[in-house]
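Descriptive analysis of the structure
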Amino acid sequence: MFGASWLNIGSFVLGGIAWILPVISLMQHNRAGRRTCAVLSTGSFSACAISLCMQIFYTDHLVKIEDWSALMDTSHAVALVATLLLIVTIVLNVITLGVYYKKK
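Small disclaimer: the values here were computed from a predicted structure and weren't measured.

**Focus: the pattern of salt bridges**
Counted according to the given criterion, the structure contains one salt bridge. For the salt bridge of D60 with K64, the shortest nitrogen-to-oxygen distance reads 3.2 Å. Taken together, the residues span about one helical turn, with D60 and K64 both in helix 2 (residues 34-64) at a distance of four residues. Note on D60: relative accessible area 36%, which makes it partly exposed. The exposed category is assigned to K64, whose relative accessible area is 63%.

**Some thoughts on the confidence of the model for the protein**
Residues with a pLDDT of 70 or more make up 96% of the protein, whose mean pLDDT is 91. When pLDDT is averaged over each element of the protein, helix 2 comes out on top at 94 and helix 1 (residues 2-27) at the bottom at 92.

What counts, and at which threshold
- Residues numbered from 1 in each chain as written.
- Predicted model: local features only at pLDDT ≥ 70, side-chain atom pairs only at ≥ 80, totals over all residues.
- Heavy atoms only, no water.
- Salt bridge = Lys/Arg side-chain N within 4 Å of Asp/Glu carboxyl O.
- Helix = DSSP H or I, 4+ residues; strand = E, 2+ residues; numbered from the N terminus.
- Buried < 20%, exposed > 50% of the residue type's maximum accessible area, 1.4 Å probe, protein only.
- pLDDT = per-residue confidence, 0-100.

Here it is in structure tokens:
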């Protein structure tokens, strides 16, 4: 059970990283080139994907231990937050890529 709680913590941290990387890229867009933008964007999408994967693993853990009340209590919120994470990550990266490719 202790190990499963790390899935939520890791998912939260990686979700934050997925949002922070494009912001860092935007803050240094005058100093950095396209390669840096591409690396940070790839890192952002990767962090988002791993974060969502960790949530899937946590849901699988709840199914394996048959904690149906936890699944019923949290499934809607997890789906909503996962959707929000994905949409915001995509929007931030599209804005970042737009700024970089408009500049050149």
